[in-house]
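Take a look at the letters that make up each chain.
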Amino acid sequence: MASPKRLPYTTAGAGGGARRGSGTVPRVVVLVFLFVIAPSIFFVFRSGGHVHVASDPKGSDGNQETDWQQQLVTNHLKSILSKEVIDAIAASQQETGALNLDFFRDHASPSWKTDDLVDNKMNTSLDVRDKEKAENSTAEHDSPLTYKAPKDGSDEHQVDTAAKIARRKLREKRREKRAMDLVQKDDEAHVKLENAAIERSKAVDSAVLGKYSIWRKENENENSDSTVRLMRNQVIMARVYSMLAKSKNKHDLFQELQTRIKESQRAIGEATADADLHHSALEKMRVMGQVLSKAREEVYDCKVITQRIRAMLQSADEHVRSLKKQSTFLSQLAAKTIPNSIHCLSMRLTIDYYLLPLEKRKFPRSENLENPELYHYALFSDNVLAASVVVNSTITNAKEPEKHVFHLVTDKLNFGAMNMWFLLNPPGKATIHVENVDEFKWLNSSYCPVLRQLESAAMKEYYFKADRPTTLSAGSSNLKYRNPKYLSMLNHLRFYLPQIYPKLDKILFLDDDIVVQKDLTGLWDVDLKGKVNGAVETCGESFHRFDKYLNFSNPHIARNFDPNACGWAYGMNIFDLKQWKNKDITGIYHKWQNMNEDRVLWKLGTLPPGLMTFYKLTHPLDKSWHVLGLGYNPSIDRSEIDNAAVAHYNGNMKPWLELAMTKYRPYWTRYIKYDHPYIRGCNLSD
């Protein structure tokens with residue numbers, strides 16, 4: 001029976017002897033690999049590529065053989081693997097112990113090439129204390145390893161390299177940077193979403209205009225009591241949650257929120273402090289809090305709530321704009337009106353005047369009217385009460401009342417009332433004379449450009465067109481310039497002073513909305529240095545200059561005036577009538593008024609043409625003579641008012657109107673005799 005054939009180790013060679021010889025060689029190689037090379041590789045990996053051989057009691061021959069084998073394997077690995085890989089294996093052994101298969105399962109993708117980067121940046125990433133610690137450790141051990149005893153006192157050592165510390169710090173910094181980037185991106189997105197509402201709210205003029213501001217109650221009581229404030233906040237959040245509940249078809253929750261909103265609003269009412277609340281308000285607040293907690297659990301959505309509140313802010317912004325327009329319209333409308341009590345006073349005085357005999361209608365001391373040695377005042381007004389305050393305050397504070405002469409001009413409607421008042425209440429030893437502007441026959445449309453323009457069809461269309469806006473906010477931009485005072489010639493008489501008073505050398509012009517607080521005779525001694533007009537300048541760093549009043553896009557304006565020239569105030573002006581005539585001031589006024597027939601140089605009014613007419617012909621007076629803004633500015637310093645010779649209520653909030661600022665009214669009302677029969681009869685009260 002033939003014996004079975006053996007599989008050869010190799011197909012090389014021809015004879016059986018050859019096959020046996022060649023089969024012996026692979027067995028030797030396998031044995032050498034298993035018993036020599038493999039253990040050497042293991043020890044090399046374990047020791048980080050450095051072979052440390054302990055003393056062997058068997059003799060030096062065995063040690064030399066082992067060193068030779070390990071050195072051979074080490075050289076072989078160095079020829080195959082890069083230094084970075086071997087260093088990384090060594091560092092990993094230091095952190096996790098000897099390499100094994102479980103280590104590579106847990107760290108499938110180690111970052112082999114970060115060690116060099118870490119080593120290069122180690123000195124810049126470590127703080128001073130860590131850097132000194134690493135240097136001291138290196139000097140003591142002559143090794144990159146530092147050994148720390150474990151806290152539990154065991155024999156095991158925790159091994160921390162400088163590279164490991166640096167890697168940990170870099171990882172922490174990367175995490176912090178990623179977190180900061182995410183927060184910043186989120187914040188930027190949030191800010192962008194809010195910018196529209198915020199920017200629009202900035203454009204709203206929130207200046208407080210006395211007691212008639214839309215912000216009145218909130219500004220007067222900025223620190224509202226906590227209960228009122230909390231209940232208002234609850235109402236806002238309830239509105240937001242109600243919209244969310246409705247969008248999610250939670251009708252029961254929606255109805256409940258709507259009910260609580262109405263209850264809270266009724267409980268708050270007009271209250272601005274906790275003391276104003278009804279005793280049931282606390283219970284309403286508690287119930288509303290419970291409903292809001294329930295709504296938060298059912299429909300809370302941070303993103304949607306943010307959008308809703310932003311929409312509410314924009315809606316409130318639009319509402320504020322609308323109210324602001326209405327407030328402007330109403331304030332301008334109120335400024336044009338005369339209160340019933342003053343109208344009553346004028347009518348009663350007029351009736352009684354025309355019942356007087358002709359011989360009793362004359363004022364004494366008429367010879368003083370043309371005496372240039374006296375102190376002459378020009379006052380043009382259709383308001384009896386306002387004119388009485390100007391005259392009374394001037395005489396009360398005058399050192400020599402007998403030397404003061406008042407030239408008062410009014411219209412036909414108020415001529416009788418003005419005469420009757422001063423006949424009944426003469427200004428002491430001072431002289432007064434009342435004239436009717438309609439009796440100035442020389443003041444006609446052929447001579448005066450304003451009268452001619454008022455007769456034109458274009459001006460009538462501008463003032464009296466039938467298709468006026470029907471809403472309060474519409475068309476309010478030009479309402480200021482449609483004030484009847486701009487139509488009245490009383491407002492333009494200031495440009496004709498030499499024609500009205502041809503024999504006078506100087507005259508002090510006063511508006512009817514001023515109060516005199518000091519003797520004014522010093523103004524006649526002011527050296528105007530050849531100028532025509534003496535006035536207090538009103539410009540600050542960037543406001544009340546010529547470019548505020550004139551249209552500098554027009555070539556006639558741009559060519560003749562400086563846009564940064566300082567403006568000045570009408571209301572208390574000392575005029576040199578001799579220089580007026582020499583420089584033909586009235587002619588200059590006529591020239592510019594004719595060029596502005598289509599209102600292309602300035603809007604209506606007398607200050608813009610006054611600035612142009614007296615350009616480079618105005619001498620600035622000391623500011624203590626004249627303080628302005630009591631009719632629109634709530635923040636004038638009280639000491640400035642008290643020290644001023646004249647306080648001017650320029651603006652819409654005149655002192656005789658209900659919308660006047662209460663803190664300024666006493667300066668004006670102190671010169672009214674409220675116990676006078678005519679004033680009592682018309683229900684005029686302080």
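As the structure is a prediction and not an experimental result, all values here were calculated from the model.

**Thoughts on the overall build of the chain**
- Within the chain one finds 27 helices and 12 strands.
- Counting all 686 residues of the chain, 39% fall into the buried class.
- For the chain, restricting intrachain contacts to residue pairs at least 6 apart in sequence, the fraction spanning at least 24 positions comes to 75%.
- Looking at the chain as shown, the accessible area adds up to about 40100 Å², and 53% of this sits on carbon and sulfur atoms.

**Brief notes about the sheet that holds strand 7 (residues 514–516)**
- One open sheet holds the 3 strands; their spatial order is 7-12-11, and the pairing between them is mixed. Single-partner strands in this sheet number two, and they are strand 7 and strand 11 (626–627).
- Pairing between strand 11 and strand 12 (residues 646–648): 2 bridges, direction parallel. Pairing of valine 627 across the sheet is with alanine 647, part of strand 12.

**Here's the deal with the pattern of salt bridges**
- One pass over the full model with this rule turns up 8 salt bridges.
- With its nearest N and O atoms 3.4 Å apart, the salt bridge here joins lysine 294 to glutamate 256. With lysine 294 in helix 11 (residues 281–299) and glutamate 256 in helix 10 (residues 251–268), this pair connects stretches of sequence that are 38 residues apart.
- We note a salt bridge from arginine 260 to glutamate 263, for which the minimum N-O separation is 2.9 Å. Of this pair, arginine 260 and glutamate 263 both sit in helix 10, separated by 3 residues, roughly a single helical turn.
- Overall, glutamate 263 belongs to the buried group, its relative accessible area being 18%.

**Describing the pairing of strand 4 (residues 404–410)**
- In terms of burial, strand 4 is a largely internal element, 7 of the 7 residues being buried.
- What you see with strand 4 is no split at all: His404, Phe406, Leu408 and Thr410 on one side and Val405, His407 and Val409 on the other are buried throughout.
- Traced from strand 3 (residues 375–380) through helix 14 (residues 384–396) to strand 4, the parallel crossover comes out right-handed.
- Sheet topology note: the strand 4/strand 5 (residues 431–436) ladder contains 6 bridges and is parallel. In the sheet register, threonine 410 faces strand 5, and the bridge partner there is asparagine 436.

**A few points about the state of the cysteines**
- Summed over the entire model, instances satisfying the criterion amount to 2 disulfides.
- Across the disulfide, cysteine 539 is cross-linked to cysteine 566 (sulfur-sulfur distance 1.7 Å). Classification of the bridge connecting cysteine 539 and cysteine 566 rests on its S-S torsion, roughly -100°, and on that basis the disulfide is left-handed. Taken together, the residues cysteine 539 in the loop between strand 8 (533–535) and helix 20 (546–549) and cysteine 566 in the loop between helix 21 (555–560) and strand 9 (572–576) connect sequence positions 27 residues apart. For the pair cysteine 539 and cysteine 566, one class covers both residues: buried.

**Points about the nonpolar core**
- In terms of nonpolar packing, the biggest core is built from 64 residues, with Leu345, Leu508 and Leu520 touching the most fellow members.
- With 8 residues, helix 14 is the largest single contributor of residues to this core.
- With residues up to four places along the chain from it excluded, the contact list for leucine 508 reads His376, Tyr377, Ala378, Leu520, Leu523, Trp524, Met572, Asn573 and Ile574.
- In terms of nonpolar packing, the next biggest core, distinct from the first, is built from 43 residues, Leu443, Phe561, Leu601 and Leu611 among them.

**As for the packing of helix 13 (residues 340–354) against helix 15 (residues 412–424)**
- At a minimum axis distance of 7 Å, the contact between helix 13 and helix 15 shows a crossing angle of 80°. Put simply, helix 13 runs roughly perpendicular to helix 15. Packed against helix 13, whose contacting residues are Leu345, Ser346, Met347, Leu349, Thr350, Asp352, Tyr353 and Tyr354, the element helix 15 presents Leu413, Asn414, Phe415, Gly416, Ala417, Asn419, Met420, Trp421, Leu423 and Leu424 at the interface.
- Residue composition of the contact of helix 13 with helix 15, grouped by class: 12 nonpolar, 5 polar and 1 charged.

**With respect to helix 15**
- Considered for burial, the residues of helix 15 that qualify are Asn414, Phe415, Gly416, Ala417, Met418, Asn419, Met420, Trp421 and Phe422.
- Residues of helix 15 that are buried in the fold lie against helix 13, helix 14, strand 4, strand 5 and helix 27 (677–681).

**Section: helix 10**
- Taking 1.5 Å of rise per residue, 18 residues should cover 26 Å, and helix 10 covers 26 Å from first to last C-alpha, within 8% of that figure.
- Looking at helix 10, one finds that the buried residues are Leu253, Phe254, Leu257, Ile261, Glu263, Ser264, Ala267 and Ile268.
- Looking at the buried residues of helix 10, the elements they touch are helix 9 (226–247) and helix 11.
- Glycine 269 lies just past helix 10 and shows a positive phi near 60°.

**Things to note about the packing of aromatic side chains**
- Within the structure shown, the criterion is met by 24 aromatic pairs.
- Arranged with centres 5.8 Å apart and planes meeting at 15°, the rings of phenylalanine 440 and tryptophan 442 form a pair that is stacked.
- Judged by its relative accessible area of 30%, tryptophan 442 falls in the partly exposed class.
- Considering the side-chain rings of phenylalanine 546 and phenylalanine 561, the 6.3 Å spacing of their centres and the 40° angle between planes classify their relative orientation as tilted. Of this pair, phenylalanine 546 sits in helix 20 while phenylalanine 561 sits in the loop between helix 21 and strand 9, and the two are 15 residues apart along the sequence.
- Positioned over the ring face of tyrosine 570 is arginine 494, at 4.7 Å from the centre of the ring.

**Let's talk about a positive patch on the surface**
- There is a patch of like positive charges on the surface, built from Arg168, Arg171, Arg174, Arg175 and Arg178.
- Mapped onto the fold, arginine 171 is located in helix 7 (residues 162–202).
- Overall, arginine 171 belongs to the partly exposed group, its relative accessible area being 35%.

**Some thoughts on the side chain of arginine 545**
- Position of arginine 545 among the secondary structure elements: in the loop between strand 8 and helix 20.
- Buried charge without a partner: arginine 545 forms no salt bridge, and the closest opposite charge is aspartate 547, 6.6 Å away.
- A distance of 2.8 Å separates a polar side-chain atom of arginine 545 from the backbone oxygen of asparagine 564.

**A short note on the pairing of strand 3**
- The buried fraction of strand 3 is high, at 6 of 6 residues.
- Residues of strand 3 alternate between two faces, with Tyr375, Tyr377 and Leu379 on one and His376, Ala378 and Phe380 on the opposite face, all of them buried.
- Note that strand 3 and strand 4 share 6 bridges and pair parallel. In the strand pairing of strand 4, tyrosine 377 is matched with phenylalanine 406.
- Across 3 bridges, strand 3 lies against strand 6 (residues 506–510) in parallel orientation. The partner of leucine 379 across the bridge, within strand 6, is leucine 510.

**Topic: the sheet that holds strand 9**
- Ordered in space as 5-4-3-6-9-8-10, the 7 strands form an open sheet in which the pairing is mixed. Each edge of the sheet is formed by a strand with only one pairing partner; in this case those strands are strand 5 and strand 10 (618–620). Each adjacent strand pair in this sheet contributes to an overall mean axis angle of 25°, direction not counted.
- Where helix 15 meets the sheet, it contacts strand 4 and strand 5, and its direction lies at approximately 165° from that of strand 5.

**What about the confidence of the model for the chain?**
- Looking at the chain as a whole, the pLDDT averages 76, with 65% of positions reaching at least 70.
- Here residues 47–60 is a poorly scored stretch, pLDDT under 50, and it has 15 contacts once near neighbours within four places are set aside; other chains count.

Analysis parameters
Residues numbered from 1 in each chain as written. Predicted model: local features only at pLDDT ≥ 70, side-chain atom pairs only at ≥ 80, totals over all residues. Heavy atoms only, no water. Helix = DSSP H or I, 4+ residues; strand = E, 2+ residues; numbered from the N terminus. Buried < 20%, exposed > 50% of the residue type's maximum accessible area, 1.4 Å probe, protein only. Contact = heavy atoms within 4.5 Å. Areas by Shrake-Rupley, 256 points an atom, 1.4 Å probe, with all protein chains shown as cover. Pairing = 2+ DSSP bridges. Salt bridge = Lys/Arg side-chain N within 4 Å of Asp/Glu carboxyl O. Right-handed = clockwise from strand over helix to strand, strands pointing away. Disulfide = S-S within 2.5 Å. Core = buried A, V, L, I, M, F, W, Y, C linked by side-chain atoms within 4.5 Å. Axes fitted to C-alpha atoms, helices over the stretch in contact; angles between N-to-C directions. Parallel < 35°, antiparallel > 145°, perpendicular 65-115°, else oblique. Nonpolar A, V, L, I, M, F, W, Y, C, P; charged D, E, K, R; others polar. Expected span 1.5 Å × (residues − 1). Phe/Tyr/Trp six-rings, centres within 6.5 Å; stacked < 30°, edge-to-face > 60°. Lys NZ or Arg CZ within 6 Å of the ring centre and 35° of its normal. Patch = residues over 30% accessible without salt bridge, like charges linked within 9 Å, V, L, I, M, F, W, Y side chains within 5 Å. Lys, Arg positive; Asp, Glu negative; His and termini not counted. Charge placed at Lys NZ, Arg CZ, Asp CG, Glu CD. Polar contact = N/O pair within 3.5 Å; in protein donor to acceptor, adjacent residues only side chain to side chain. pLDDT = per-residue confidence, 0-100.

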